[in-house]
Amino acid sequence: MVRRSMRLRVRCAFGLGVTALLATMGAKAEAAPFEEVTAQTIGSTSGWSNKVRLADIDGDGDVDILFANGAGYASPGGPEMNAVFLNRTVEDGPNAPYLEVGPMIFGGTPDAARVIVARDLSGDGHLDLFVGTTWGTQSRLLLGEGSGTFSEVTDTHLPAISAWVGDAEAGDVDGDGDLDLVLADWGGHPANEASGFVRLWRNEGDGVFVDATEDAMPGTVVGWSWELELLDADDDGDLDVAASCKSCDGSKLYENDGTGAFVDVTMGRMPQLPNNYEFEPMDVDGDGDLDLVTINDHAPGTRNGIFENQGGVFVDATDLRWPMAENPAGDDNMAAFVDVDSDGDPDFVVAGLFGQPDRLMVNEGGAFTMDDGAFAPASSQGSLGIAVSDLDGDGRWDVVLAEGEAAFDDHVFFGVDVPVDTAPPVISNVVVPEAVAAGPVEVRARVHDGKSPLEAHDLRSVEVEYAVEGSEAPPMVVSMDWYGEYLHRARLDVTDGTYEVRVCAVDRRGNGTCTDPVGLQVGSGGGTTGGGSTGASATGAGTDATSGTTGATAGPAGDGGQTGTTSEGDGSGDEGGCGCATPADPAGCVGCVGWLAVVACFRRRRRVPVVANSRRPA
């Protein structure tokens, strides 16, 4: 296993990249990219954590840490208190210890928790918390009230079902504008028998869920699923399900018929390999659709894999994209994508178990090379969950590991010898109708920041800009709503005419990008322009300087039923009046802020490395 220095792979591009490179070169030569800071952040936790979720639950602008806790591998251990650590960076500075508030949020009752979902499930604009629990226990729902306060509504808002939840994901599977829940249920004791299945809890509005499993889900046995994903596997705009399976011949793929009912399409479309712990979706080859990283389901030994999406059919591309020399046999549990070198293509981190090193896999043109010295220390004993974000506000990615299998401490690593994040969001699969009648028009796009999963805090804004062709008036801007995976949508209320439409996004750091415009003909208003965007324009930091808008319109319910609205303003977070935004933490971009302001105000752009495809709806 070769130790590869990330500094040698930093690509100098467009200002911020130069500054980040110089800052990285100034670091001490022997520094690992990620160094442990557990003691000064969350301290000793010493429990059985199954997964970790990062979310800004108190709305203060920094990212908090939530651990889903509860002991037991294939049979019940003991219930444990879930842990919530409030990040105090904004209030007290980057070296402040985190504040543990788990008992204040979840009360004094321990759980057998496998997963925490943090999304706006009730549609009121606040993050809510769903706790998926196992060993035949009742899962929980807490509705957010703002500023980090929650009310438990389990008895009135969730199906009264004692389940064996292994994982859960939120997304609008039936297209009604609110977020539903899909759950992996192990089906009973012992968990490692082939007796599980996938549940659907449909959101009836305001975060009230009903069990729709019998009517909407296949009856296929899914034995001991530790991870499932909602993803648009066939690129038709709705959410399908990929469910990992440890105790069966292979994992499962369920296709959504567009109404929230699912059909098992596994055979011929999902490679069948046993003992898969994990699916992690991301476009690793830059063709616009989502591929899958798998864990522990490849031979010889227990190695990991990559399934490449070829038109909705997954093909095992492990030998091509993750060769054996970079893919050591051992016991791993989970992966998370992050564009750690800020070059525009997704890298990922693998969490090891029982001495298998936690390591970074660096994307080199769609094939991955291993940096097994990326973490100091590099060996955790029971990493069951992994999450990435910028926790300390320095513009660099940080990593949190949830430790289970026994009473181990969880771990927090800060990125110290990695570049500052200068990569703009990736926008692809933009869908704009070519010609429609006057009225509401839906626009869809896949938008992410090169990391997984996409959390509510990752993107500062995702918007559709549209204007009448040839008009000198500022464009109208409609917020797009997240509805699962990396997918966003918005509704434009349009009258007769020919419009130019583009999608723009800004990440938490302030890096921004816009696609090239495409034409939309409404009614009898002239000829159709364009025909499809082939790329995305981007500034190094902030959005393109055309964010001033007029008018007012509303978009559809999305993440928890929030409506998109047309905004009016002089820029994206711009206080200087030039219509540009700079990174949220200028100190993390030493010596470049003034230069960037000049560049952004003159609207210089660079291309996003991943092509932003546009297409017409089928």
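These numbers come from a predicted model, not from an experiment. (Residues numbered from 1 in each chain as written. Predicted model: local features only at pLDDT ≥ 70, side-chain atom pairs only at ≥ 80, totals over all residues. Heavy atoms only, no water.)

(A) The arrangement of the overall build of the chain in detail. The number of helices and strands found in the chain is eight helices and 46 strands. Relative to its 618 residues, the chain shows a buried fraction of 64%. Sequence separation of at least 24 residues holds for 60% of the intrachain contacts in the chain that already meet a minimum separation of 6. Approximately 20300 Å² of the chain is accessible, and the part contributed by carbon and sulfur atoms is 53%. (Helix = DSSP H or I, 4+ residues; strand = E, 2+ residues; numbered from the N terminus. Buried < 20%, exposed > 50% of the residue type's maximum accessible area, 1.4 Å probe, protein only. Contact = heavy atoms within 4.5 Å. Areas by Shrake-Rupley, 256 points an atom, 1.4 Å probe, with all protein chains shown as cover.)

(B) Spatial organisation of the state of the cysteines. Counted by the stated rule, this structure contains two disulfides. In this model, Cys-245 is linked to Cys-248 through a disulfide, with the two sulfur atoms separated by 1.4 Å. Comparing Cys-245 with Cys-248, the two get one shared label, buried. Two residues share a disulfide in this structure: Cys-504 and Cys-514, whose sulfurs sit 2.0 Å from each other. On the sign convention where negative means left-handed, the S-S torsion of about 110° between Cys-504 and Cys-514 marks this disulfide as right-handed. Taken together, the positions of Cys-504 in strand S39 (residues 497-507) and Cys-514 in strand S40 (residues 512-515) put the pair 10 residues apart, joining distant regions of the chain. An identical accessibility class is assigned to Cys-504 and Cys-514; each is buried. (Disulfide = S-S within 2.5 Å.)

(C) The environment of Asn-333, seen in detail. With respect to the helices and strands, Asn-333 occurs in strand S24 (residues 332-338). Here the alpha-carbon distance between Asn-333 and Trp-226, two residues 107 residues apart in the chain, equals 9.3 Å. The residues contacting Asn-333, other than those within four sequence positions of it, are Trp-226, Tyr-277, Glu-278, Ile-295, Ala-351, Leu-353, Ser-383 and Leu-384. A polar atom in the side chain of Asn-333 sits 2.8 Å from the backbone oxygen of Leu-384. (Polar contact = N/O pair within 3.5 Å; in protein donor to acceptor, adjacent residues only side chain to side chain.)

(D) Broad picture of the pattern of salt bridges. In the structure shown here, the tally under the stated rule is 20 salt bridges. Here Arg-88 makes a salt bridge to Glu-91, at a shortest N to O gap of 4.0 Å. For Arg-88, a relative accessible area of 23% puts it in the partly exposed group. With relative accessibility at 35%, the residue Glu-91 sits in the partly exposed group. Linking Arg-202 and Asp-174 is a salt bridge whose minimum nitrogen-to-oxygen distance equals 3.1 Å. Here Arg-202, found in strand S14 (residues 197-203), pairs with Asp-174, found in the loop between strand S12 (165-171) and strand S13 (180-185); they are 28 residues apart in sequence, far enough to count as distant. A cluster of three or more residues bridged by salt bridges with shared partners is formed by Lys-51, Asp-167 and Glu-227. (Salt bridge = Lys/Arg side-chain N within 4 Å of Asp/Glu carboxyl O.)

(E) Focus on the sheet that holds strand S9 (residues 140-146). Strand order in the open sheet formed by four strands is S6-S7-S9-S10, and the pairing between neighbours is antiparallel. The sheet is open, and its two borders are formed by strand S6 (113-119) and strand S10 (149-152), each paired with just one other strand. Across this sheet, the average inter-strand angle for adjacent strands is 25°, counted without regard to direction. Pairing between S6 and strand S7 (residues 128-133): six bridges, direction antiparallel. If you follow Val-115 over to S7, its bridge partner there is Gly-132. (Pairing = 2+ DSSP bridges. Axes fitted to C-alpha atoms, helices over the stretch in contact; angles between N-to-C directions.)

(F) Structural context of the pairing of strand S18 (residues 252-256). The buried fraction of S18 amounts to four of the five residues, a majority that puts the element mostly inside the structure. Of the pairings in the sheet, the one linking strand S17 (residues 240-243) to S18 comprises three bridges and is antiparallel in character. Each residue of the ladder has a partner; that of Ala-242, found in S18, is Leu-253. Pairing between S18 and strand S19 (residues 262-264): three bridges, direction antiparallel. Bridged to Glu-255 within S19 is Val-263. The hairpin turn running from S18 into S19, its antiparallel successor, is five residues long, and Gly-258 in that turn takes a positive phi close to 100°.

(G) Quick look at the nonpolar core. Counting 81 residues, the largest nonpolar core has Phe-130, Phe-348 and Val-501 as the members making the most contacts within it. Summarising the domain contributions, this core has at least three residues from each of domain 1 (34-415) and domain 2 (426-522). In contact with Phe-348, other than residues within four places in its own chain, are Val-293, Trp-322, Ala-335, Ala-336, Phe-337, Val-338, Arg-359, Leu-360, Met-361 and Phe-368. Residues Leu-230, Leu-239, Tyr-483 and Leu-487 belong to the second largest nonpolar core, which totals 20 residues. (Core = buried A, V, L, I, M, F, W, Y, C linked by side-chain atoms within 4.5 Å. Domains from an automatic or database assignment.)

(H) Representation of the side chain of Asp-358. Looking at the element boundaries, Asp-358 is found in the loop between strand S25 (347-352) and strand S26 (359-364). An unpaired buried charge is present at Asp-358: no salt bridge exists, and Arg-359, the closest side chain of opposite charge, is 6.4 Å distant. At 2.9 Å, the side chain of Asp-358 forms a polar contact with the backbone nitrogen of Gly-352. (Lys, Arg positive; Asp, Glu negative; His and termini not counted.)

(I) Representation of the packing of aromatic side chains within the structure. Using the criterion set out here, one finds 16 aromatic pairs in the structure. Ring centres of Trp-226 and Tyr-277 lie 5.3 Å apart, and the angle between their planes is 55°; this geometry places the pair in the tilted category. On the criterion of sequence distance, the pair formed by Trp-226 in the loop between helix H6 (213-216) and strand S16 (228-231) and Tyr-277 in the loop between S19 and strand S20 (279-282) is long-range, its members being 51 residues apart. Chaining the aromatic ring pairs together yields one cluster made of Tyr-73, Trp-135, Trp-164, Trp-186, Trp-224, Trp-226 and Tyr-277. (Phe/Tyr/Trp six-rings, centres within 6.5 Å; stacked < 30°, edge-to-face > 60°.)

(J) Focus on the sheet that holds strand S1 (residues 34-36). Across the sheet, which stays open at both edges, the five strands sit in the order S28-S1-S31-S30-S29 with mixed pairing between neighbours. Pairing within the sheet leaves two strands with one partner each, and these edge strands are strand S28 (375-376) and strand S29 (383-389). Two strands pair when backbone bridges link them, and S1 and strand S31 (residues 411-415) are joined in this way by three bridges, in the antiparallel orientation. From the neighbouring strand, Phe-34 faces S31, where its bridge partner is Gly-415.

(K) Fine view of unusual backbone geometry. The linkage connecting His-189 with the following residue, Pro-190, adopts the cis geometry, with an omega of -10°. Of note in the backbone geometry, Ser-147 takes a positive phi value of approximately 60° without being a glycine. Phi is positive for Glu-405, which is not a glycine, with a value near 70°. Along the chain, the position of Glu-405 falls in the loop between strand S30 (398-403) and S31.

(L) Quick look at the confidence of the model for the chain. Looking at the chain as a whole, its pLDDT mean stands at 83, while 80% of the residues score no less than 70. The low-confidence segment residues 1-29 (pLDDT under 50) makes 69 contacts with residues lying over four places distant or belonging to another chain. For residues 526-616, every residue scores under 50 in pLDDT, and the model assigns this stretch 257 contacts once sequence neighbours within four places are set aside. (pLDDT = per-residue confidence, 0-100.)

(M) Spatial organisation of the pairing of strand S34 (residues 439-448). Of all the 10 residues making up S34, eight are buried; the element is thus mostly covered by neighbouring parts of the structure. Taken together, the four bridges between strand S32 (residues 426-431) and S34 define a ladder with antiparallel strand orientation. Within S34, the position partnered with Ser-428 by the bridge is Arg-446. The sheet contact formed by S34 and strand S38 (residues 487-494) spans eight bridges and is antiparallel. Bridging from a neighbouring strand, Gly-439 pairs with Val-494 of S38.

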